[in-house]
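Chain by chain, the residues run as shown.
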Amino acid sequence: MFDASTFGNAVLSRNQSALAGAELEAQIGDYNNEFISNYGATSVFARTGRPVGRLDILTDKGHAPCTAFLVDGNRLVTNHHCVPGILDNDRLGASAIIAVQIRLGYVRDGIEDGTRMFHVNPVPLETNKDLDYSVLQVVGGDANAEFGALDLSAALPGDRDPLWVIGHPMGEAQRISREKCQTDSPAVASGRLRHTCDTLPGNSGSPVIDADLKQVVALHHAGSRAGAVNFAVPMADILATSNVLKASARADDVRDDIEAERARLAAENAALADEKARILAEAEAERQRLAAEAEAARAAAEQADSAAARATVARESRANTALLAALGMADGTARAAALQQVIQDHPATMAAQAAQLALTQLNSPAPAPQAPKTAQTAKPEPAPTAADNRFAALLNTPVPSPDTAPDLSPEEAEAALDLSREVYRDIQNTLDALGYGLGEPDGLFGPASRSAVRAFQKENLIEESGYLSASLLDRIADEYNGAPAALDGTYRIFIRRRWDDAYFRRKPDPAYRPGKIETIGSVAIRVENGRTEVLSFQDLARIESDAYKDLRVSLSPDGRLKLRSTINFLFGKPRPKVLDLNEQLAKRWTTGRAITFEDGEWDEAFHINIRVMRQD
């Protein structure tokens, strides 16, 4: 209730409230009643709110604001408890209504520009206390011409249907409740529509608008003391009783149109889904057809290549046999003739090239004898070391390699080496010593041995076939001969986290990329005579408290690396993880080479990943 002196003002000051009457309104949870001026003048909210105004009622005790809205015929709809029922409010104690007016266009608090005031006959054209509605007549002007009218609907909303409530709570500028504004479940009970739209004193008489129909489906009039729901009178009940008000259109027809549109859209979506499935099926069938053709072509090419390779190997084998027989002849003349025959019978083979070289050496004149040296004693040649003789058995017979025989596949090139089980065991021992662990060396080249070969090839930027060749064996021997025989030296241990690819494919993250690994800390150590010294520690995650504590690290002479620490690195959150590492490292280790392994999961999204690099 406001002081009578403010009647007719667009802006009402709250400190002029004369009486806090009975509150028939309630807010549900957080208050979500927003000024309608937040939206543009042409928005659907502003256009729908044009016929809604503040109804000011002047009594002999002061004046009070309600909400009313225009309908056809220059008429207003509001609550009975506003006009004439304000006189029944014992707490107000008013005995007469002196004047009533409607303020329209008041959408910005404290600003009168753009508003219009119309006088209203305080005697209702029609009123009903039980349904709490009154129909009033605007006098002294045509409000419909400037502000339009709201359509009334006899439709009953369903459970949880979206609603809008537009009004003037507390006499302020027009507000709309639409966030969490919907019917309750059940929507209608005991003759009242139940809704969760926020209202305050002054919202009495507000239209409850169906958000789909854009029509008034109820007249708001009361709130629950418990604040769980508010109540409105269904417009269907008012229209059934009124001799003045009429529904603007049959609500069931409108709803039928809406349902028909929804059905049409659903049918279109289903048709699109079927078309998409058909296109995908055709694409998959075409992909399979092309794949089958490609596979058939590949198989035919492989068969042809394999036949050619087998023929090449057989030709080289016959040539090698003839060459060995020729070289085994004791008589020089017979040997020369046999070598010449090898060249003629087996042209374009490695054996023919070797025969030509041997024949050239055989026909070369012997070097002149040199006088014995008396002043100096000739030094004996040093005996070849075990490392120099590594894989020496391969030198007894010339064999084709991928470089000189490009027609051979990697598998056939290794078969042409004709390696014995002992040589295979020597190769396994060498790879194992270099840190390409493959289990107990047994001379049988199975999946573990192939995996070790591929790891060596990858580390040395060689095509990862998993098969041996003469040039690859040279690389393996060179790395073994160049690696230190002891583990003394400086190492850096990188503690990292690896993002799990499968997890982040299920739950995408903007920071993820396939194979992503992040370093979160590193430790530098020096190993000398079996003793380990920590040189430095770097915390790249910059987590100070308990990020790394009780750091212990050692590398024994037999290659056993032990690392224990408490780490914390997941987005800076205090989630400690105890790292307890106990791994066997390679016995011979090339400077600059790193070994990587994992120590289980941090959680389903990340793995702990350790990288150890030998620095000298």
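The structure we're discussing is the one just above.
These numbers were taken from a predicted model, which means no experiment stands behind them.

Among the 10 residues in strand S3 (residues 62-71), 10 count as buried, and that is most of the element. Residues Gly62, Ala64, Cys66, Ala68 and Leu70 of S3 are buried on one face, and the alternating residues His63, Pro65, Thr67, Phe69 and Val71, pointing to the opposite face, are buried as well. The sheet contact formed by strand S2 (residues 52-59) and S3 spans eight bridges and is antiparallel. Bridge pairing links Leu55 to Cys66 in S3. Here S2 hands over to S3 after two residues, the two strands then running antiparallel side by side. Where S3 lies against strand S4 (residues 75-78), three bridges are found, and the strand directions are antiparallel. Within S4, the position partnered with Leu70 by the bridge is Leu76. In sequence, S3 turns back onto S4 through a hairpin of three residues, with Gly73 there showing a positive phi of about 85°.

Now for the pattern of salt bridges. Applying the stated criterion to the full structure yields 22 salt bridges. Where Arg175 meets Glu172, a salt bridge forms, and the shortest distance between an N and an O atom there is 3.1 Å. Residue Arg175 is classed as buried on the basis of its relative accessible area of 12%. Exposure remark for Glu172: the relative accessible area of 12% places this residue in the buried category. When the shortest N-O distance is used, the salt bridge between Arg425 and Glu422 registers 2.7 Å. Taken as a pair, Arg425 and Glu422 lie in helix H8 (residues 421-433) at a separation of three residues, close to a single helical turn. In this structure Arg425 comes out as partly exposed when scored by relative accessible area, which is 24%. It is possible to trace a salt-bridge network through shared partners that takes in Glu34, Arg178 and Glu179.

What follows concerns unusual backbone geometry. A cis amide bond, omega 10°, links Val83 with the succeeding residue Pro84. Relative to the assigned elements, Pro84 resides in the loop between S4 and strand S5 (97-104). Residue Pro186 is bonded to the preceding Ser185 through a cis peptide linkage, with omega at 10°. Within the secondary structure, Pro186 sits in strand S11 (residues 183-189).

The rules we used
- Residues numbered from 1 in each chain as written.
- Predicted model: local features only at pLDDT ≥ 70, side-chain atom pairs only at ≥ 80, totals over all residues.
- Heavy atoms only, no water.
- Buried < 20%, exposed > 50% of the residue type's maximum accessible area, 1.4 Å probe, protein only.
- Helix = DSSP H or I, 4+ residues; strand = E, 2+ residues; numbered from the N terminus.
- Pairing = 2+ DSSP bridges.
- Salt bridge = Lys/Arg side-chain N within 4 Å of Asp/Glu carboxyl O.

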